Every structure is written in structure tokens, then in C-alpha cells.
Amino acid sequence: MMSKSHWPVLNKAKYDELREKGYWLPLPGPQQLAIALSRDKRFREILFGGSRGGGKTDVSIATIGDRFGDTRARQLVIRKDAGDLADFEERAVAALQPFGAKLRRNPMVLSAKGCGRVIGGHLHDAEAYTKYQGHEYCRINIEELTQIPDEGRYEKLISSARSKYKDLYPQVFATTNPGGAGMGWVKKRFVAPDPDRAEVLKMEYPWVDIYGKQQVTHWQIVIDKRTGIWRAYIPATIDSNPFLLENDPDYVKYLDSLQDSDPELYRAWRFGDWDIQFGAVFEEFRQSKHTYTKFSEWGVTKEAFDSNYRVMGMDWGYNDECVLLWAMFDNITEKENRAFIYRELHGNHKPKEYWCERIVEMYLKDPVDLIALPHDAYSHLGGSETIAKVLNDTFARLAPDEKRPRIVRADKLMKDRKQAAVQMIHSAFANKSDGKPGLIFSKYCSYLIDTLPTIIYAKESGGEELDPNNVDHALDSLMYTLMTANREYGFLVNEAKRIEKLTKRSFTVQPGGRVEAKDIGIDIATAVDTDKLT
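What comes next is a walk through the structure. Computed from a predicted model, the values in this text were never measured in an experiment. (Residues numbered from 1 in each chain as written. Predicted model: local features only at pLDDT ≥ 70, side-chain atom pairs only at ≥ 80, totals over all residues. Heavy atoms only, no water.)

Here's the deal with helix H8 (residues 249-261)
Now for step 1: Regarding H8, the residues found buried are Val-252, Leu-255 and Leu-258. Projection of H8 onto a plane perpendicular to its axis shows the buried side chains occupying an angular sector of 105°, all on one side. The exposed residues of H8 that point more than 90 degrees off its buried face are Lys-253, Asp-260 and Ser-261. (Buried < 20%, exposed > 50% of the residue type's maximum accessible area, 1.4 Å probe, protein only. Helix = DSSP H or I, 4+ residues; strand = E, 2+ residues; numbered from the N terminus. Arc of directions from axis to C-beta.)

Describing the sheet that holds strand E10 (residues 230-236)
Now for step 1: Read across the sheet, ten strands follow the order E3-E4-E5-E2-E6-E7-E1-E10-E9-E8 without closing on themselves; strand pairing throughout is mixed. Edge positions in the sheet fall to strand E3 (102-104) and strand E8 (198-208), since each has one partner strand and no second. Shown here is a sheet whose adjacent strand axes are inclined to one another by a mean of 20°, direction ignored.
Now for step 2: Taken together, the five bridges between strand E1 (residues 43-50) and strand E7 (residues 171-176) define a ladder with parallel strand orientation. Within E7, the position partnered with Glu-45 by the bridge is Val-172.
Now for step 3: Relative to the sheet, helix H2 (residues 30-38) contacts E1, strand E6 (139-142), E7, E8, strand E9 (214-224) and E10, its axis offset from that of E10 by approximately 165°.
Now for step 4: Running over the sheet, helix H6 (residues 183-191) touches E1, E9 and E10 and is turned about 120° from E1. (Pairing = 2+ DSSP bridges. Axes fitted to C-alpha atoms, helices over the stretch in contact; angles between N-to-C directions. Contact = heavy atoms within 4.5 Å.)

Quick look at the sheet that holds strand E12 (residues 309-315)
Now for step 1: Judged by pairing direction, the sheet is mixed, and its seven strands sit side by side in the order E11-E17-E14-E13-E12-E15-E16 without closing on themselves. Strands with a single pairing partner mark the edges of an open sheet, and in this sheet they are strand E11 (291-292) and strand E16 (406-409).
Now for step 2: Taken together, the three bridges between strand E14 (residues 336-347) and strand E17 (residues 439-442) define a ladder with parallel strand orientation. Its bridge partner lying in E17, Ala-339 is registered against Leu-439.

Remarks on the nonpolar core
Now for step 1: Ranked by internal contacts, the top residues of the largest apolar core, which has 41 residues, are Phe-282, Ile-341, Ile-425, Leu-439, Phe-441 and Leu-482.
Now for step 2: Listed by contribution, the elements that provide at least two residues to this core are E12, strand E13 (322-333), E14, strand E15 (370-373), helix H14 (415-429), E17, helix H15 (446-451) and helix H16 (473-489).
Now for step 3: Top contributing element to this core by residue count: H16, with nine residues.
Now for step 4: Filtering out sequence-adjacent residues up to four positions away, Leu-439 remains in contact with His-290, Ala-339, Ile-341, Ile-425, Ala-428, Phe-429 and Leu-482.
Now for step 5: Counting 35 residues, the second largest nonpolar core, distinct from the first, contains Tyr-154, Trp-185, Leu-255 and Leu-265. (Core = buried A, V, L, I, M, F, W, Y, C linked by side-chain atoms within 4.5 Å.)

Remarks on the packing of H14 against H16
Packed helices, taken two at a time, are described by the angle between their axes plus the distance between the axes.
Now for step 1: Between H14 and H16, whose axes approach to 10 Å, the crossing angle comes to 85°. Taken as axis vectors, H14 and H16 run roughly perpendicular relative to one another. Between H14 and H16, the contacting residues are Arg-417, Lys-418, Ala-420, Ala-421, Val-422, Met-424 and Ile-425 on the first element and Leu-475, Asp-476, Leu-478, Met-479, Leu-482, Met-483 and Asn-486 on the second.
Now for step 2: Residues that form the contact of H14 with H16 fall into these classes: ten nonpolar, one polar and three charged. (Parallel < 35°, antiparallel > 145°, perpendicular 65-115°, else oblique. Nonpolar A, V, L, I, M, F, W, Y, C, P; charged D, E, K, R; others polar.)

Re the pairing of E1
Across a regular strand the side chains alternate sides, sitting on one face of the sheet and then on the other.
Now for step 1: For E1, the tally of buried residues reaches seven of eight residues, placing the bulk of the element in the interior.
Now for step 2: Note: E1 against E10, seven bridges, orientation parallel. When the bridges of E10 are listed, Phe-48 appears paired with Ile-234.

Details of the packing of helix H3 (residues 56-68) against helix H4 (residues 86-95)
Now for step 1: Contact pair H3 / H4: the axes reach a minimum separation of 10 Å and the direction vectors enclose 50°. By the angle class used here, H3 and H4 are oblique. Handedness of the crossing formed by H3 with H4: right-handed. Facing H3, whose interface residues are Thr-57, Asp-58, Ser-60 and Ile-61, H4 presents Phe-88, Arg-91, Ala-92 and Ala-95. (Left-handed = near helix turned anticlockwise from the far one by under 90°.)

Here's the deal with helix H9 (residues 263-271)
Now for step 1: Three or more residues of H9 are buried, namely Glu-264, Leu-265, Tyr-266, Ala-268, Trp-269 and Arg-270.
Now for step 2: At its buried positions, H9 is contacted by E1 and H8.
Now for step 3: Gly-272 occupies a position one or two residues after H9 and carries a positive phi of about 65°.

Regarding unusual backbone geometry
Now for step 1: Here the residue pair Asn-106 and Pro-107 is connected by a cis peptide bond, since its omega of 0° sits within 30 degrees of zero.
Now for step 2: Within the fold, Pro-107 resides in the loop between E3 and strand E4 (109-111).
Now for step 3: Positive phi, close to 55°, is recorded for Glu-144, a residue that is not glycine.
Now for step 4: Looking at Glu-144, the relative accessible area reads 19%, which means it is buried.
Now for step 5: One non-glycine residue with positive phi stands out, namely His-349, at about 55°.
Now for step 6: With respect to the secondary-structure elements, His-349 resides in the loop between E14 and helix H12 (352-365).

Things to note about the packing of aromatic side chains
Now for step 1: Tallied over the entire structure, the rule returns 22 aromatic pairs.
Now for step 2: Ring geometry for Tyr-266 against Phe-271: centres 5.5 Å apart, planes inclined by 90°, an arrangement best described as edge-to-face.
Now for step 3: On the accessibility criterion, Tyr-266 (10% relative accessible area) is buried.
Now for step 4: Taken together, the ring pairs connect Tyr-292, Phe-295, Trp-298, Phe-305, Phe-340 and Tyr-342 into an aromatic cluster. (Phe/Tyr/Trp six-rings, centres within 6.5 Å; stacked < 30°, edge-to-face > 60°.)

Note that all results are geometric; they support no functional claim without further evidence.
Shown next as C-alpha cells:
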């Protein structure tokens, strides 16, 4: 497929001549390939992405223009915020002037006599997709796809990409640069899919540029193993846009100037590099550094694991993701501990009873010392029993001789506490006295690993507040887990504070009963050495 260019080879003079007459022609290379695939009904979803200056918006407008002359064609153009479509509107109405196109704003509607309609919209919030439910769009184009924070909004939107006409086959065409709150899911869907879920076919598209030089574009087909749907990812850079290079050489100089001031932004904007985390809150996080496969790689034996302090934290969600994380704390020195996040469970649309059963089930296999529940686990949701009570009742069904963990209420993540939690995580990610980070994740904690790099600060907040559109369920669970461990036993502070807290606190073993440490066989003097509270 596309083993060679099927477009006529035009030199620069011919391009200039046709453009001066008002024609738009796709540039050789990625633009031509994108137009060709947009006319291939096998491809349900296409991502045309990469660096800045690759000519992505021009191609998006051209795919709209392909069908604009058909009165049956109803097409939708989306950005996260509809107000950001202003540039697209101006360029699209100019490009569609040969049809006599007229523009109406707020929301954008492009129409012409004897033609179809193009409607503009947004996905600003989780329920925005309902505006398009029941509608039929033969084409949905999405500008800056990575600005949409979660895949759920995208999938609900594209369910409206359908057509009763065979020749107007439904297709989604998206453009983007790396970066943004949704970079993680976009990368996983199009750029670096999970091999268990998708087959990836690496392709080459050879072409000749307008100066007669041979070039090759490496692109890929992604075939969803569950649905059989075909997707395509086509990378483009400013180097494949000779007109911008020639007409605005200072723009390239500007991009190159970022190399020293912001290397990751430079790699994203200049080369379309997806292995970056610019603008991320936790920009220091690296899978190569902060993940592990086996405890033995870190010198943790089974005996050490069994004796070390362990916590499970929850971020509750029903429509949103519910995330459970398990943490184990291992001594580095008398004053330092390393936190291993060694297990995760997550999902949505499951009742609280399901999660409580899973927590107890896992506890019987892997007892933890502490369970940290979020504030909403103590709320009577819809008048029903609280999650905390359901969990306690589930533990109460265990045999009388079975030990129970302490179940505590985590501090609510208000603005100041969230800022403190962010700083705690930064500190934990840093190298400790042994030259290794103090916080690491099991490679099997995929949801946490995938979403943490996408966490960004809110615009105009000056790095003070996290973006409300972040997919932060795993982050919140991590915060509850670490901050509660720190609050209860000082594990992430130092041993002296931990002993101080231990000597002042009694231990709740089960609902309705309180016992002193001495009553359950805890020797405060050796608590640091035993590292075990039950």
C-alpha cells in the first residue's frame, strides 16, 4: 500500500503557477499521503500530526472541501474550545470561495447554495458530546486532538461519524502536535499502540520534493484487534513544507532557538517527537528511571516485603475511573524510605460493592496495614450506604481470627493540600542517598504510568493549580496513598517523626474498638526495626 507516490511530480515553478491561479495543491510527501488516505474508505480514523509548520490545517480544510460540493454531506469540525476555531474559520471560508461559501459564527456554520454544510463545535466538557448525539456526520475533523483530555470524550464524539451513503463513507480526520492533556491516550491510540490490542504495520511512502530530491515518509497503519477498524498515523514536519521554509525562514530560527531554553519543547515543535513531557507537572518522570519489573531488582526479598509497611489508597469513581493503588515502603537508611507502587486496579461503571469485594479479596492474599479512603467514600451517595461502611461490613464477614487493616479517611485534596502533594511527589521522584529515586512504579501499573505524564498546570495559574481537565484519577489515588502514609506514620518524612507519631497514637483495629499499641504486641522501641504495625 502506497509503496510509491501516485501523484504527478510537479516542480516548484509549476506549483507556484497553479497556486497563483488560486488552486490549492497538496505538497509532495505527508500532505499528499494524507489526502490519498482520506479518500480510502478502509481508514476510519486518520491522525496527521507532528511538528509545527507541517501544513496540517491546510490538509484538514482540503478534506472538508472534498465533500463540500455534495448537498448530502454534513461535516463537523471540532476543537476542545469552539472559540479557538477562529483561524480555521477564516482559512476555510477563503479556501471554499469557489463554491460561494458563506460563514456564520458562534457556532461556525459554512454553507453554500447547492452544497453541503460544515458545522463547528467543541468538546470543552465531558458532556459536550451530547450536542452531537443522534446526528449523522460523514466526516468529523478534529483540530489539536491532544487538547481533548480523555479518550472517552473522543470515542463518544466519533460515534456520530456515520453515513447512509456508500460514497460518503464515515471518517475521522484529526491533526495535532505532541503535548497537551490528552497526549497520553492519543499516543497510545495512534503512535505507540499496545501490541496486545492493535496490529501495527510500518509503511514507507517514497516521494520527490519540489526541488527534485528523493524523500521517504515513514507512516503506519494501526488495526484494532477487537473491532478490525483501520487507523493511520502520518507524521509531518516543517521540513516537508518548503513554502513556509522559504517565505518565513525566521520561524525555523525561532523553533531552533528553543533548543537551549526548552529542549523538550524544541523536540516536540521542531521534529514532532512524542517521547517528551514538556509542560507536564511531573516532567522529571521517566519510565526508564521510575519503573521496575521485579522487587529483586531493588534488593527487596520476600521476607522484606512481608515485613515492610504497606498501604492501599483509593480514588472513588463510578462514571469516572475508580483507581486503587498499593504501596510498600522499604528502608533505604534510618531516615529514608523508598515507596514502591506495586499494584493497581481501575475501572468504571462498577458499584461500590464490587470494589469493596475486590479490596477484601486482595487483602486476604496480600494484607496491608492501612487503607486510605477518599472523603467521598464517607458520603451517602444518593441516600445509600457509604463506601466506608460497605467496606467495613465486608471485612466484618471475615473469620473472627482474621486480622483487619486500619481504614482511615484521607485528607480532602483542597488546593493547598494538592500543592503539598505535588511537592511531595517531586521530592519522592528525586534521587535518595543511594543515588536512586524514592518513588517507583511497577511496570504493571499501566494506567498510572500512562496518565501521570499528561498532568499539566491550568493556563494562567502560574504553576499554582492543576488543569481541571486533567485525567487525574490515578494521580489522586497516588496522593491519597502517599499523604495518608505520611500523615499516619511519617514514612515519607523521617524516622524520628514517625516514632513521635507512633508514641502518641492508638490503633483502631476494627469498627467500634480501640486498643493501645501495647495491647496488640507492638514494642514502640523496636517499631522502626520491625517496620510492621500488626
